[in-house]
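# Summary of structural features
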Amino acid sequence: CVFHVAARSVAGQALAIFGDHSDIMAVRQTGFALLSSHSVQESYDLALAAHVATLMCSVPFVHFFDGMRTSHEIQKVHALSDGQFKAVMELLEEKIDEFRGKALNPQHPTLRGTAQSADIYFQNVEAANPIIAAVPEAVRQAMQWVKALTGREYDLFQYVGHPRATDVVIVMGSGAQVLEELIDHYGTSKRVGILKVHLFRPWSAKHFLSQLPSSVKRIAVLDRCKEHGVGEPLYTDVCATLQGKPGVRVIGGRYGLASKDFTTGMAHAIFQNLAASRPKHPFTVGIVDDVSGLSLEYEEMQTVPEGTVQCMLFGFGSDGTVGANKNAIKLISKETNLYTQGHFAYDALKAGGITCSHLRFGPKPIKASYEITAGCTYLAVHKKEYLNTFSVHSIFGATQEGSIFVLNSPWTTADLLRENLKLEFRDFIVGRKLAVYNIDANSVARRAGMGRLINNIMQTVFFYLANIMDPEKAIALFKKEVEKTYKSKGPEVVKKNIDAIDMALDNLHRIELPEGWELPRDLEVQRPLRERDGSEPAVVTEILDRVQLREGGLLPVSKFTPGGQVELGMTQWAKRGVAPRVPVVDMDKCTQCNKCASICPHAVIRPFLASPAELKEAPEAFDA
């Protein structure tokens, strides 16, 4: 059997729904073979390899890939035809019959799961050794089948880099894609490489050593988990394998816990640390560890292949932005020869939370398994309140000079924008020479009968401005997709969506910024994003505000309490300020039915049962 697993964090000091390898490491002694995929395409190909291999060797498999980072990423992949799958099934017919013959069956019953004592248990465990020893070759044979079907080559361990590398990083999961992009960026100028691990269990020392360059002098092993031993699991496997191989220094490090972004700038820092005369070991990367001093310093790099277009779109949970972006990627994938990638970052608030769509399109394969940190050419902010809520760096930091900036707001002139945009945003826009566009998409949506759904309006603007494919063709195809998507909801809904698309470009305005537009208005000064009166606990300004402002990733280790304890009553300090309108209760119309309290998902509205005597004693401001 095969379990296909989006690997995620095991809850420790807190629950994390995001991805790393801690759950995989928790099952590594179960007897399941553990097969790792590093990208969306690999997940497709090695899923087939896992099913072929499990039938060949009669060992169950966990085929895993990084949760959230790979499992929720959209990429263009090369798929197999139904005929190819049928051919595989026909070749495996005998093995499938053999597998079915092992099923529990009253015609030939067997007993499993007995109790054994010390006299025979050990021997029965060891009896499985020949079966387990045959797994690596079964997996290699399955990978050869995949190569015959697709032309794509896989092995238990795959080396990428300089043929005479002295410094090698060993990695498993989506981090391999990031390191491979950095190797491509280096070219042949550095004697470095990476060894990608596909078959983690059972571990094959023979196949590992056959792929490792004989010239290697220094090795860094990356684990996407945390253990409290001499090192993390992949590191200890490598160290055990290299026993008796003199002259090779091995260090280990942790990265990417709970989907912490792992970028090429971090990968570059790992190579720099590895080449140092006294490297940090163990080390961490991607955080600031001012307690144990294990973290590596790094700077972000721009390493995506030339010609890759990078776009960021900030949306509001449930406004349809993410869904529309997914449709756009699929449309561009079908209608062009471009490689495509989409990754979507959410906060934990779901409906009403912030979303950020990271889209890439280019003529070469996209290996950037990380959020856009530099080189963004198209930035759209679909909710104007974000410009008062977040810092200029968290919104605009990834843009490059001359990028397109699209804002959804009622500020359709340069004067209105100057009046409503903060000083630091205006200064950044002018300094980076951004091309500014504005559309009041909320107004367009209301007039088209779409309510608050602005997704197709903003997507039309994207096709028009992003310059990824011919705008006229893209919008025409987009309309067809919209008709197909909403056909089941009736012609009226389809018409409203098409009307909204047609109205979008008529309401899009290029804002020409006059000289001096960025200068301070009378008495205008830069103010902090959050102003407090000093009555709040220190944790509010030191941690909660930073997290709310999308700056939590910059917080150092020293700010956190071991064990994850937090103070109560933090919700009162977490006012995000993203609502376009604030509802006010009209007590003259209230029937005290309590439906509002039961519907409110965050328990903001709370009913209280009070007697007439208690109401007499209530403060004047208490309205009942």
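Please read these numbers as outputs of a predicted model, since none were measured by experiment. (Residues numbered from 1 in each chain as written. Predicted model: local features only at pLDDT ≥ 70, side-chain atom pairs only at ≥ 80, totals over all residues. Heavy atoms only, no water.)

### Notes on the packing of helix H18 (residues 455–465) against helix H19 (residues 471–486)
Running from N to C, H18 and H19 cross one another at 155°; their axes reach a closest spacing of 9 Å. In terms of axis orientation, H18 runs roughly antiparallel to H19. Where H18 crosses over H19, the two elements pack in a sense that is right-handed. Contact with H18, carried on its side by Asn455, Asn456, Gln459, Thr460, Phe463 and Tyr464, involves Pro471, Ala474, Ile475, Phe478, Val482 and Tyr486 of H19 and no other residues of that element. (Axes fitted to C-alpha atoms, helices over the stretch in contact; angles between N-to-C directions. Helix = DSSP H or I, 4+ residues; strand = E, 2+ residues; numbered from the N terminus. Parallel < 35°, antiparallel > 145°, perpendicular 65-115°, else oblique. Left-handed = near helix turned anticlockwise from the far one by under 90°. Contact = heavy atoms within 4.5 Å.)

### A few points about the sheet that holds strand S18 (residues 435–439)
Working definition: the strands of a sheet are paired by backbone hydrogen bonds and lie parallel or antiparallel to each other. In spatial order, the strands read S4-S14-S15-S13-S16-S17-S18-S19; together these 8 strands make up an open sheet with mixed pairing. Looking at which strands have only one partner, the edges of the open sheet turn out to be strand S4 (74–75) and strand S19 (508–511). Direction of pairing for strand S13 (residues 309–316) relative to strand S16 (residues 376–381): parallel, over a ladder of 4 bridges. Note that in S16 the partner of Leu313 across the bridge is Ala380. Across the sheet, H18 lies against S13, strand S15 (354–362), S16, strand S17 (399–408), S18 and S19, angled at about 150° from S17, the strand it touches most. (Pairing = 2+ DSSP bridges.)

### Comments concerning helix H12 (residues 321–335)
Under the 1.5 Å per step criterion, the end-to-end length of H12 is 21 Å for 15 residues, consistent within 8% with the ideal 21 Å. Thr321, Val322, Ala324, Asn325, Ala328, Ile329, Leu331, Ile332 and Ser333 are the residues of H12 that are buried. Lining the buried residues of H12 we find S4, S13, strand S14 (339–346), S15, H18 and H19. (Expected span 1.5 Å × (residues − 1). Buried < 20%, exposed > 50% of the residue type's maximum accessible area, 1.4 Å probe, protein only.)

### Some thoughts on the pairing of strand S2 (residues 33–36)
A regular strand carries its side chains on alternate faces of the sheet. The two faces of S2 match: Ala33 and Leu35 on one face and Leu34 and Ser36 on the other face are all buried. Pairing analysis gives 4 bridges linking S2 to strand S3 (residues 61–66), with the strands arranged parallel. By the bridge assignment, Ser36 is partnered in S3 with Phe64. For the crossover from S2 across helix H2 (residues 40–57) to S3, the handedness is right-handed. With 2 bridges connecting them, S2 and strand S8 (residues 199–201) associate as antiparallel partners. The residue bridging Leu34 from the neighbouring strand is Arg201, located in S8. (Right-handed = clockwise from strand over helix to strand, strands pointing away.)

Fair warning: the whole summary comes from geometry, so function is off the table for now.
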